[in-house]
Amino acid sequence: MSKFLNIPITRTDLNENEIKSILEPLRTGWLVQGPKVKEFEDSWSSFTGSKHSIAVTSCTSAMHLSLAALGFGPGDEAIVPAFTWISTANIVEHLGGVVKFCDIDLSTFNLDINKLESLITAKTKAIIPVHLFGFPADMEKINQLAKDNNLLIIEDAACALGAKYKGKLCGTIGDIGCFSFHPRKTITTGEGGMIVCNDEKTANKCRILR
């Protein structure tokens, strides 16, 4: 009988200073939000160059709140890559919207720009490009299509922390960018995510919905 070896996708390695930093807010009584979260948000804004950073429970939550804050709702359509983590499509369904799957370019595993425009209809409200495996989507062409058709862009940058597209950090190129801090990502908060944007009204709506 053959034996199967269970190899984890990742194993988090925490040093003593990191463990102490986790205990510190617990001892102060700040179990949610609080000064440490604000410090993290400010640091994230500094790193990304974004005016607003809103910490949330996951990248799924980040994308869900982002779409909701931008007014996406029942009957609206969103274009999503046909190859991505399920959350990218689920958030559209959760808000009563319609997912329009776009084929991917097999050389990048990102949205196939040549097939994107044909999916745009009068009901299309958003494009959700995914920078899959940290490889940037073709944001210049996606932004142009969005501009020409008055569409929103929510970047799924869950795997793209630090990745750049033509000198710009992924997650800072569309209307809103969403990041993940799941343990298998570059940095982790256990579970966690972040919304970044430059529009104050949108940021405030995300904070209220959070």
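Residues numbered from 1 in each chain as written. Predicted model: local features only at pLDDT ≥ 70, side-chain atom pairs only at ≥ 80, totals over all residues. Heavy atoms only, no water.

On to the packing of helix α3 (residues 59-69) against helix α7 (residues 200-209). The geometry of α3 relative to α7 is characterised by a closest axis approach of 9 Å and an angle of 120 degrees between their N-to-C directions. Accordingly, the angle class assigned to the pair α3 and α7 is oblique. Remark: the crossing between α3 and α7 carries right-handed chirality. Residues Leu-65, Ser-66, Ala-68 and Ala-69 of α3 pack against Thr-202, Lys-205, Cys-206 and Leu-209 of α7. Its residues assigned to classes, the contact of α3 with α7 comprises five nonpolar, two polar and one charged. (Axes fitted to C-alpha atoms, helices over the stretch in contact; angles between N-to-C directions. Helix = DSSP H or I, 4+ residues; strand = E, 2+ residues; numbered from the N terminus. Parallel < 35°, antiparallel > 145°, perpendicular 65-115°, else oblique. Left-handed = near helix turned anticlockwise from the far one by under 90°. Contact = heavy atoms within 4.5 Å. Nonpolar A, V, L, I, M, F, W, Y, C, P; charged D, E, K, R; others polar.)

A separate point is the sheet that holds strand β7 (residues 152-156). One open sheet holds the seven strands; their spatial order is β1-β11-β10-β7-β6-β2-β3, and the pairing between them is mixed. The open sheet has two free edges, formed respectively by β1 (52-56) and β3 (98-102), since each of these has just one partner strand. Recorded for the sheet is a direction-independent mean angle of 25 degrees between the axes of neighbouring strands. Strand direction decides the pairing type here: strand β2 (residues 77-81) and strand β6 (residues 124-127), joined by three bridges, are parallel. (Pairing = 2+ DSSP bridges.)

Note on soluble globular proteins: their nonpolar side chains tend to be buried together. Ranked by size, the top nonpolar core spans 28 residues in total, and within it Leu-67, Val-92 and Ile-195 carry the most contacts. At the level of secondary structure, the elements contributing two or more residues to this core comprise β1, α3, β2, α4 (87-94), β7, β10 (176-180), β11 (193-197) and α7. The element best represented in this core is α3, accounting for six residues. Residues within four places of Leu-67 in sequence aside, it is in contact with Phe-72, Ile-91, Val-92, Leu-95, Ala-126, Ile-128 and Ile-154. In this structure, Ile-79, Leu-111, Ile-127 and Tyr-165 belong to the second largest nonpolar core, which totals 17 residues. (Core = buried A, V, L, I, M, F, W, Y, C linked by side-chain atoms within 4.5 Å. Buried < 20%, exposed > 50% of the residue type's maximum accessible area, 1.4 Å probe, protein only.)

Let's shift gears to the packing of α3 against α4. α4 packs onto α3 with a crossing angle of 40 degrees between their chain directions and a minimal axis gap of 9 Å. The orientation of α3 relative to α4 falls into the category oblique. Pair α3 / α4 crosses with right-handed handedness. Within the contact between the two elements, α3 uses Thr-60, Met-63, His-64 and Leu-67 and α4 uses Ser-87, Thr-88, Ile-91, Val-92 and His-94. Of the residues in the contact of α3 with α4, the class split is four nonpolar, five polar and no charged.

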